[in-house]
Amino acid sequence: MEFRHLRCFTILAEELHFGRAAQRLAMTQPPLSLNIQQLEASVGARLFERNSRGVSLTAAGEAFLPKAMALLEQAAQAAREARDVGQGLAGQLQIGFAGTVLYRGLPQMLRDFAAAHPRLRLVLRELSSAEQLADLVRDRLDLGFVHTTRVPAGFSQILVSSQPFVACLPAKHALAKKPSLMLENLRDEPFAIVMRAVSPDYHDRILAACADVGFEPALGYELRHWLSVVSVIAQGLGVGLVPAALQQAGLPGVAFVPLARPLLPYDTHCLWRTERDQSALGAFLATVRGAAQPGQDTAMQFKGETP
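Numbers given to residues run from 1 along each chain, matching the order in which its sequence is written. Predicted model: local features are reported for residues with pLDDT of at least 70 only, side-chain atom pairs are reported and counted for 80 or more only, and whole-chain, interface and lining totals are derived from all residues. Working from all heavy atoms in the structure, the side-chain values ignore hydrogens and water.

### Observations concerning the layout of surface pockets
Point 1. Points on a 1 Å grid over protein atoms alone make up a cavity when a 1.4 Å probe fits among them but cannot get out, and a pocket when they form an open set with protein on both sides within 12 Å along at least five of seven lines; lining residues each have an atom within 4 Å of a point. Grid points are joined across faces, edges and corners, and a volume is the space filled by probe spheres set on the points. Counted as a void, the largest pocket has a volume near 260 Å³.
Point 2. Looking at the largest pocket, it is lined by 18 residues, and the ones nearest its centre are Ala 98, Gly 99, Arg 224, His 225 and Trp 226.
Point 3. Its residues assigned to classes, the lining of the largest pocket comprises eight nonpolar, seven polar and three charged. For this classification, Asp, Glu, Lys and Arg are treated as charged, while Ala, Val, Leu, Ile, Met, Phe, Trp, Tyr, Cys and Pro are nonpolar and the rest, including Gly, are polar.

Shown next, in the form of structure tokens:
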């Protein structure tokens, strides 16, 4: 039994006329009759009565018709789903993100993408940049939003955003209302910072910035998330340098003060394996490119280190 047999059977069952059925099937009557005979031989029962008054379904044909139609619909649905996945219109993407991306455009990207591609499911996982790199290398993620320059070979990126670091102080701190401050003004304060195992680039960058102005910060709190850093500072337990986007978190009890001498910016990159299947991934990357800050380079391929 083949799908062409089922197609011939269902059309003839609708028309109950060999001439009209053959015309709909774009064939002549002899091959249509042969297909019906082959199907009846395969089923082991007569499906049509043929006499001088015309064509009618037998009891076996009546029982077989809904099953044949269901088989044809299942095959058509399978073909549609495979085509949609191949064209990036359906399927699933595993996406990693570092928490601060929630304040740098990720929610809007997700809304825009869901509206344009309702049959593509996005699975979001909050991970540190180091954790994302490990999962990207092992193909556990399709793409990630990371804050690092420590990128493995064979990956491409979009620079999504670039933002300054600002000083984060308790709201009642003596410097909290200053229009700007020098980093060295914080030399005697305990620092809250993201631990090096989570974000080695920015941990090292903050320590290096302090060293450049002549002091080594006292690390009172080493934490896993930037929001934890801000929360500790809100309790009056220290100060810190944080990405400016965290001002949007709306946590009470803190003040954000620009640095008079800005540090290198805090960059957000969308990262993916260059040779990965581009069907669904390509559709999401188009959304990311549309949301990237104006003037950012759209993509480049890394040929660097392996973590």
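### Some thoughts on the packing of aromatic side chains
Point 1. Two rings belonging to Phe, Tyr or Trp (six-membered ring only in the last case) form a pair when the distance between their centres is within 6.5 Å. Interplanar angles under 30 degrees mark stacking, angles over 60 mark edge-to-face geometry, and anything in between is tilted. This structure, assessed with the given rule, holds ten aromatic pairs.
Point 2. Seen from their ring centres, Tyr 202 and Tyr 266 are 4.5 Å apart, and the 55° between their planes marks the pair as tilted. Highlighted residues: Tyr 202 in helix 7 (residues 200-212) and Tyr 266 in strand 12 (residues 266-273), separated in sequence by 64 residues.
Point 3. The cut-offs for exposure are 20% and 50% of the maximum accessible area for each residue type, with area from a 1.4 Å probe on protein chains only; residues under the lower value are buried, those over the upper are exposed, and the others partly exposed. Overall, the relative accessible area of 3% leaves Tyr 202 in the buried class.
Point 4. Put simply, the rings of Phe 165, Tyr 202, Trp 226 and Tyr 266 touch in pairs and so form one group of aromatic residues. In this text, helices come from DSSP runs of H or I with a minimum length of four residues, and strands from runs of E with a minimum of two, each type numbered from the N-terminal end.

### Considerations on the packing of helix 5 (residues 106-116) against helix 9 (residues 279-291)
Point 1. Only the contacting stretch of a helix is used when fitting its axis, a line to C-alpha atoms as for every element, and angles between N-to-C directions run 0 to 180 degrees. Look at helix 5 against helix 9: their axes get within 10 Å of each other, and the N-to-C directions meet at 135°. In terms of orientation, helix 5 lies oblique with respect to helix 9. Seen from above, helix 5 lies across helix 9 with right-handed handedness. Here helix 5 contributes Met 109, Leu 110, Asp 112 and Phe 113 to the contact with helix 9, which in turn contributes Ala 283, Phe 284, Thr 287, Val 288 and Ala 291.
Point 2. Here the residues of the contact of helix 5 with helix 9 are counted per class, giving seven nonpolar, one polar and one charged. Note on angle classes: values under 35 degrees are labelled roughly parallel, values over 145 roughly antiparallel, values of 65 to 115 roughly perpendicular, and the remainder oblique. Two helices cross in a left-handed way if the nearer one is turned anticlockwise from the farther one by less than a right angle. They cross in a right-handed way if the turn is clockwise. Two residues form a contact once any of their heavy atoms are found within 4.5 Å.

### Here's the deal with the pairing of strand 8 (residues 190-194)
Point 1. Of all five residues that make up strand 8, four are buried, and the element is covered over most of its length.
Point 2. Here, a strand pair is defined by DSSP locating no fewer than two bridges between the strands. In this sheet, strand 9 (residues 218-223) lies alongside strand 8 in parallel orientation, the contact comprising five bridges. In the strand pairing of strand 9, Phe 191 is matched with Leu 219.
Point 3. This β-α-β element, strand 8 to helix 7 to strand 9, shows right-handed connectivity. Place the viewer so that the strands point away; then a crossover is right-handed whenever the path from the first strand over the helix to the second strand goes clockwise.

### Examining the pattern of salt bridges
Point 1. Within this document, salt bridges are pairs made up of a side-chain nitrogen of Lys or Arg and a carboxyl oxygen of Asp or Glu, the two lying within 4 Å of each other. Counting across every chain of the model gives eleven salt bridges.
Point 2. Among the salt bridges present, the one from Glu 2 reaches Arg 4, with a minimum N-O distance of 2.8 Å.
Point 3. Among the salt bridges present, the one from Glu 15 reaches Arg 20, with a minimum N-O distance of 3.2 Å.
Point 4. Judged by its relative accessible area of 39%, Arg 20 is partly exposed.
Point 5. Several salt bridges converge on common partners, so that one network encompasses Glu 14, Glu 15, Arg 20 and Arg 24.

### Some thoughts on the environment of Gly 44
Point 1. Here Gly 44 shows up in the loop between helix 3 (29-43) and strand 1 (48-51).
Point 2. Among the residues examined, Gly 44 registers a relative accessible area of 65% and is labelled exposed.
Point 3. Sequence separation between Gly 44 and Gly 214 is 170 residues; the distance between their C-alpha atoms is 92 Å.

### Looking at the packing of helix 1 (residues 3-15) against helix 3
Point 1. Remark: helix 1 packs on helix 3, axes separated minimally by 9 Å, with the N-to-C direction vectors making an angle of 110°. The orientation of helix 1 relative to helix 3 falls into the category roughly perpendicular. Contacts between helix 1 and helix 3 involve Arg 4, His 5, Leu 6, Cys 8, Phe 9 and Leu 12 on the former and, on the latter, Leu 32, Asn 35, Ile 36, Gln 38 and Leu 39.
Point 2. Grouping the amino acids of the contact of helix 1 with helix 3 by side-chain chemistry returns seven nonpolar, three polar and one charged.

### Brief notes about the side chain of Asp 267
Point 1. Structurally, Asp 267 is set in strand 12.
Point 2. Two residue types count as positive, namely Lys and Arg, and two as negative, namely Asp and Glu; His and chain ends fall outside the count. Put simply, Asp 267 is tucked away with no salt bridge, and the nearest opposite charge, on Arg 205, sits 6.0 Å away.
Point 3. Polar side-chain contacts of Asp 267 include one of 2.6 Å to the side chain of Ser 162.
Point 4. Look past the residues within four positions of Asp 267 in its chain and what remains in contact with it is Val 146, His 147, Leu 159, Ser 161, Ser 162 and Tyr 202. Polar contact is defined as a pair of N or O atoms within 3.5 Å, subject to the rule that within protein one atom must be able to donate a hydrogen and the other to accept it, and that residues adjacent in sequence are counted only when both atoms are side-chain atoms.

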